[in-house]
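# Fold and contact review
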Amino acid sequence: MVQRLQCCLRLSSLPTLHFHSFVPSSTKVQDQGFFYNTSRDFRSHPRPLTNILPIGKKQVGRMNVFTQQLNPITGKLEWGVQPEDYDYKQEVARSAYADMLHDQERNDKYYEGLRRAVAQLKAGGQEVRVLDIGTGTGLLSMMAVSCGADVVTACEAFHPMAECARKGLKQNGFEDKVKLVPKRSTELEVGPGKDLEQRANLLVAELLDTELIGEGAIDTYRHARDNLLTEDALLVPSEGTVYAQVVSSEMLQRWNRISPVKDHTNGSQQVLLDVPSVVARCHGAAAVHDLQLSQVPRHWLTPLSQPLPVFRFDWSGRKAEELPYDRTTRTTFLPLSSGQCDAVLMWWEVKMDQEGDVNLSCAPYWAHPDLAHKGWKGSSEEIPWRDHWMQAVYYLPQVRSVTHHTPVSLLSCHDEYSLWFNIQKDDSELVNTERPVCECGVHIVNSRTRLGQLNDPRRIEVYTRVLRSLVTPDSVILALGDGCLMAIMAAKLGARHVYLTEGSEANRRVAQQFIVTNDVQHKVTILPQDVSDTLLSQLVAPVTIAFSEPFFSTSLLPWHSLYCWYMRNSCIHLMDSSATRIPSSVTIWGLPVAYRDLWKIRSPLHQCNGFKMDIFDKLIESASEEADERVEPHPLWEYPTRAKSQPIQLLTLDLTTTIPEAPISKEGTMALTTEGLVNGMALWADWHLTDQDQDVITTGPISPVVLDQNVEWDTYSRQGVYLFRQPININKDLPSTLQYSITFQPLDGMLNFEFGIEVKGREEG
Ligand code: SAH
Ligand code: ZN
């Protein structure tokens, strides 16, 4: 959310911050033929979240539309009225645009690249004619003019951004110096009186994403070379290099492969849940796993190769072999140790000038060229933070073991939009270089986060302990959730019968494979997700245990899994009157925090490199207000977050009862005494499987919270992130108090949070 800077604001009268929490949004969304990177929330979801996108739309009046959305808590489809431009505003609000513009290194290096290119052309006596493809706010065009370019043409395919650029250029006094064409570059026409009078001799563009080419840079550059540029045109950036590093990492594999569940309690290593061979053999999801590699603990990774440059992209396309739509390269390396190749880490570097003196690297700190002398002794704080470009992990289609110092080759492949890798042990080995596709279904129905949960030893330990203690030969279990493999395990642990509810055909197919592999066909039955029509007479006996992990593929925020309560409510007719309910309660927690970097994704720019950005700030702000939610899901283990108090228990709901009708609220205060900045709240849910303290599945901190220290977050959930519109500086002479109130409205499945901070005796902020 964009903050409005309120000068002379009385902190004691800080507006009460208010938000609702539901309505998830999209992943990479295609618009007008190409992709906008939307916020981190839904990145690398291996499937489109079509089930939770607005799925219906109809016009109401001139300005508004009804959109139909799935409420993830109640599971109901709901119509809501939204302004007509809602879709694109949500697009803008969730895009990484603001974060990209906050990236000072990026901005500075573009500026420097432009300065050098303009000077070089001028030195050669040429008129400088710049084309800026995808101008966004107009920033790079304004830079080009300021560097002395003679003619600048900017194009922008996304109309709301083109409109923003038009206003921004005007506000900065560049409306006569930059010709703005609201078109995709491939639609531009060259010739007298057309979009470009003549071909440009300098192309500036920022069309790169975490995968470098995922936004369609190859085609845009090739088209520009053939149609829009002079033969000797200079480009900013001029080149890109992709680096790949082969690693062994059991921790990363947790996001990719389901491992069998073994019983560690009695040393027998008995397999409690086996994995079908088709799942074990599967090449996995093709989707890139983008993450903040600098936050990955060192002990997760055993490097098997150095970072290897595997692709060079000459954006000018003059060396045709360096800008093909697809290719495979082979890089031979001597493994640094013996081990299993699990994954390839990837990042890229671009040359912003023509010589290679001004480079921008997206490497994690331990491989960053600026920290080369430090390696792992460096820290993520020593390199620029950015969220619009991260690093990526590619899982290898098969785990291959390599031997220390025995050469092997990394095969690196790309097509027009994506990358993938494989290992070749010797030259004669035939290796598949097709893009990997999931053949087992597991990688299609599960997000990476969910795969991580299914492999998480903490979760598995709690589930097995609880199920082992409750399951008897008379147990009839009703499992409410998506991909509830733990319930299949319950059948193996000796339950009389297990009923699984699965929402989709794909989920049912995956569950069926696990049922057969674990040889429990005779005692596991798959029911449709909506069991309200199922008759008691269809079951072997009334349900004695209603069990949820709880997880639903529609859950984005931790408390969305409250859906299990609603599902349970709809199948009371199937339950024994004394049936055990797992989980038995949920506690929603809140923690005032200082986000080291994450605050930037929603904070106003005011200016970039001296160019005013208020128009853009306003666009983001209004987009956020109309389209966005105040709480966003983020995997906080990737974003250093310092605790500014102890966690606050905001609300506990007893899930063993039927759902009440009246709202449930709680409010309170918490003194903030730790000095320094507080810029938001981190929110999560603890699911109490039983009333025993240790039987908790947390989506929050996994070690005790220490004041003013970074929190250690569960790696396999996303937490709710709430950013204050105005950060507050806590000073021990001015005691501050956090006021909070939380309301759960059972009828419409809404959780409303309100936060305010009061600073005593202070008049202004
Ligand atoms: N140049 C701006 C914005 C970069 S974001 C800056 O550096 O700050 C990339 C922008 O390019 C997006 O606004 C996207 O809509 C636009 N874009 C991508 N491909 C394009 C193309 N082929 N033609 C026109 N615009 C394009
Ligand atoms: Zn698969």
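Placed above this text is the structure.
This write-up is about the structure you can find in this document.

Thresholds, definitions, all that
Residue indices begin from 1 for each chain and proceed along its sequence in written order. Here the convention is simple: chains get letters from A, ligands get numbers from 1, in the order in which they are written. With the structure being a predicted model, the display of local features is reserved for residues of pLDDT at least 70 and the display and counting of side-chain atom pairs for 80 or more, all residues being used for whole-chain, interface and lining totals. Side-chain figures throughout are based on the complete set of non-hydrogen atoms in the structure, without hydrogens or water. Listed donor atoms are N, O and S within 2.8 Å of the metal (Na, K and Ca: 3.2 Å). As water is not included, a site may look incomplete. Strands are runs of DSSP state E lasting at least two residues, helices are runs of H or I lasting at least four, and both sets are numbered from the N terminus onward. Polar contact is defined as a pair of N or O atoms within 3.5 Å, subject to the rule that within protein one atom must be able to donate a hydrogen and the other to accept it, and that residues adjacent in sequence are counted only when both atoms are side-chain atoms. Two strands are counted as paired when DSSP detects at least two bridges linking them. A fitted line through C-alpha atoms serves as each axis, taken over the contacting stretch for helices, and the angle formed by two N-to-C directions is quoted from 0 to 180°. In what follows, a contact means two residues having at least one pair of non-hydrogen atoms within 4.5 Å. It suffices for a single heavy atom of a residue to lie within 4 Å of a molecule or strand for the residue to be listed as near it. Accessible surface is estimated by sampling points in the Shrake-Rupley manner with a 1.4 Å probe; for residues, cover comes only from the protein chains shown. Here's how the labels work: a residue is buried when its accessible area is under 20% of the maximum for its type, exposed when over 50%, partly exposed in between, all with a 1.4 Å probe on protein chains only. One speaks of a salt bridge when a side-chain nitrogen belonging to Lys or Arg is within 4 Å of a carboxyl oxygen belonging to Asp or Glu. Only centres within 6.5 Å qualify two rings of Phe, Tyr or Trp (six-membered ring in Trp) as a pair; their planes then separate them into stacked at under 30 degrees, edge-to-face at over 60, and tilted for everything else.

Coordination of the zinc ion (ligand 2) by the protein comes from Cys282 (SG), Cys438 (SG), Cys440 (SG) and His443 (ND1), over a distance range of 2.1 to 2.4 Å. Here the donor residues of the zinc ion (ligand 2) share one chain and are spaced in sequence as C-x155-C-x1-C-x2-H.

Glancing now at the side chain of histidine 388. Assignment of secondary structure puts histidine 388 in the loop between β20 (359–361) and β21 (391–402). Of note is the side chain of histidine 388, whose polar atom sits 2.7 Å from the side chain of aspartate 103.

Here the focus is the sheet that holds strand β28 (residues 575–582). Ordered in space as β26-β25-β24-β27-β28, the five strands form an open sheet in which the pairing is parallel. Of all strands in the sheet, those bounded by a partner on one side alone are β26 (524–528) and β28. Pairs of neighbouring strands in the sheet enclose a mean axial angle of 25°, with direction left out of account. As defined by bridge partners, strand β27 (residues 543–547) adjoins β28 across four bridges and the pair is classed as parallel. Opposite isoleucine 545, over in β28, you have threonine 580 as the bridge partner. Its contacts with the sheet put helix α12 (residues 485–492) on β24 (476–480), β25 (497–502), β26 and β27, and the angle it makes with β25 is roughly 170°. Those strands touched by helix α13 (residues 505–517) are β25 and β26, and its axis lies near 175° from that of β26.

Before going further, it helps to spend a moment on the sheet that holds strand β9 (residues 178–181). Across the sheet, which stays open at both edges, the five strands sit in the order β9-β8-β7-β10-β11 with parallel pairing between neighbours. Whereas interior strands pair on both sides, the edge strands pair on one side only; in this sheet they are β9 and β11 (229–236). When strand polarity is set aside, the average angle formed by the axes of neighbouring strands in this sheet is 25°. The pairing of strand β7 (residues 129–133) with strand β10 (residues 200–205) spans four bridges and is parallel. Bridged to valine 130 within β10 is leucine 202. Sheet contacts for helix α3 (residues 104–123): β10 and β11; angle to β10, the most-contacted strand, approximately 175°. Where helix α6 (residues 217–227) meets the sheet, it contacts β7, β10 and β11, and its direction lies at approximately 145° from that of β11.

Right, let's talk about the site of ligand 1 for a bit. Close to ligand 1 lie 21 residues, the nearest being Tyr97, Arg106, Gly134, Glu156 and Ser185. Taking arginine 106, its side chain carries an N or O atom lying 2.7 Å from an oxygen atom of ligand 1. Its free accessible area being 570 Å², ligand 1 has 96% of it covered by the protein chains. Contributions of two or more residues to the shell around ligand 1 are made by β3 (34–36) and α2 (97–101).

To continue, consider α12. A large share of α12 lies buried, amounting to seven of its eight residues. Regarding α12, the residues found buried are Leu485, Met486, Ala487, Ile488, Met489, Ala490 and Ala491. Count one or two residues on from α12 and you reach glycine 494, which has phi positive near 115°.

This part is about the pattern of salt bridges. Side chains bearing opposite charge may pair, as long as their charged atoms lie close to each other. A complete count under the given rule lists 31 salt bridges for this structure. In this structure, glutamate 239 engages lysine 351 in a salt bridge whose closest nitrogen and oxygen atoms are separated by 3.3 Å. Of this pair, glutamate 239 sits in strand β12 (residues 239–248) while lysine 351 sits in strand β19 (residues 339–351); the two residues are 112 residues apart in sequence, bridging distant segments of the chain. Two residues, lysine 374 and glutamate 382, come together in a salt bridge whose shortest N-O distance is 2.3 Å. Here glutamate 382 falls in the partly exposed class, since its relative accessible area comes to 35%. Put simply, Glu112, Arg115, Arg116, Asp353 and Asp357 are held in one network by salt bridges that share partners.

What follows concerns unusual backbone geometry. The peptide bond linking glutamate 549 to proline 550 adopts the cis configuration, its omega dihedral lying at -5°. Within the fold, proline 550 resides in the loop between β27 and α14 (563–569). A cis amide bond, omega -5°, links isoleucine 582 with the succeeding residue proline 583. Structurally, proline 583 can be placed in the loop between β28 and β29 (585–595). A positive phi angle, near 70°, is found at leucine 212, a position not held by glycine. By secondary structure assignment, the location of leucine 212 is in the loop between β10 and α6. When its relative accessible area of 0% is taken as the criterion, leucine 212 is described as buried. A positive phi angle is found at histidine 405, which is not glycine, with a value near 70°.

With that out of the way, let us pick up the packing of aromatic side chains. Summed over all chains, the structure comprises 24 aromatic pairs. Ring centres of tryptophan 565 and phenylalanine 744 lie 6.1 Å apart, and the angle between their planes is 20°; this geometry places the pair in the stacked category. Of this pair, tryptophan 565 sits in helix α14 while phenylalanine 744 sits in strand β39 (residues 736–745), and the two are 179 residues apart along the sequence. Of the two residues, tryptophan 565 and phenylalanine 744, neither departs from the other in class, the shared state being buried. Three or more aromatic residues joined by ring pairs make a cluster, and in this case those are Trp559, Tyr722, Phe724, Phe753 and Phe755.

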